[in-house]
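Notes for the structure review
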Amino acid sequence: QTEFIEVSKKELIDSAEAGDAEALYLLGLEKLEGKDDQLGLKYIRQAAKKGHVEAQLKLSEMAAGNKEAAEWLLMAAEQGNASAQRKLGQLHLKRAEHAKAAVPGSSISSSRTNKAEARKWLREAADQGDDVAIRDLGEIYEEETRERKRKVRKKAKQRAALMVLSIIGFLCLW
């Protein structure tokens, strides 16, 4: 069995050296497990650049919270990976919330843009049956419905107040 493992490992290395994305990814994971993070990251990055979705997701996790993470997520999402689509949607949702909270009123377009992107990517993932994306999308729709109702009630109150003022003004003139 040891001989089989050695042959398989040699084949893996040969395939990786030949540029096979899956082999690069698997070799990268092996190096990460062996605590050779630099070499593991190198192999995984090479696989990701060749379009390997799992490698792109791994890099997005390893680079969590920075611009590079979002770029890797976008690459995987554009290839139709539901998990990447959900995570990208959630990232845009967080950005929308931060934009809204950072300077209320001044970052409305940024918040709307991120919210639209969040809906787009969450819908893509939900269409593939991603339960978390379905839940998140439902929460967005519920929040937007509450916001629309609040605006309608506010407008109705303003119109009622204007009508009362108009009637009072009319009675004063009479």
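Quantities reported herein were computed from a predicted structural model and do not represent experimental measurements.

**With respect to the nonpolar core**
Counting residues in each nonpolar core, the largest one holds 14 residues, and the members touching the most others are I44 and A55. Contributions of two or more residues to this core are made by helix 1 (2–17), helix 2 (21–33), helix 3 (37–49) and helix 4 (53–62). Here the element with the most residues in this core is helix 2; it accounts for 5 residues.

**Thoughts on the pattern of salt bridges**
Using the criterion set out here, one finds 10 salt bridges in the structure. Between K10 and D14 there is a salt bridge; the shortest N-O distance is 3.1 Å. Placement of the pair is K10 and D14 together in helix 1, with a separation of 4 residues, close to one helical turn. Here R150 ties to E147 by a salt bridge, and the two come within 2.6 Å at their closest N and O atoms. Residue R150 and its partner E147 are located together in helix 8 (residues 131–173), separated by 3 residues, close to a single helical turn. R150 gets classed as partly exposed once you look at its relative accessible area, which sits at 39%.

What counts, and where the lines are drawn
- Residues numbered from 1 in each chain as written.
- Predicted model: local features only at pLDDT ≥ 70, side-chain atom pairs only at ≥ 80, totals over all residues.
- Heavy atoms only, no water.
- Core = buried A, V, L, I, M, F, W, Y, C linked by side-chain atoms within 4.5 Å.
- Buried < 20%, exposed > 50% of the residue type's maximum accessible area, 1.4 Å probe, protein only.
- Helix = DSSP H or I, 4+ residues; strand = E, 2+ residues; numbered from the N terminus.
- Salt bridge = Lys/Arg side-chain N within 4 Å of Asp/Glu carboxyl O.

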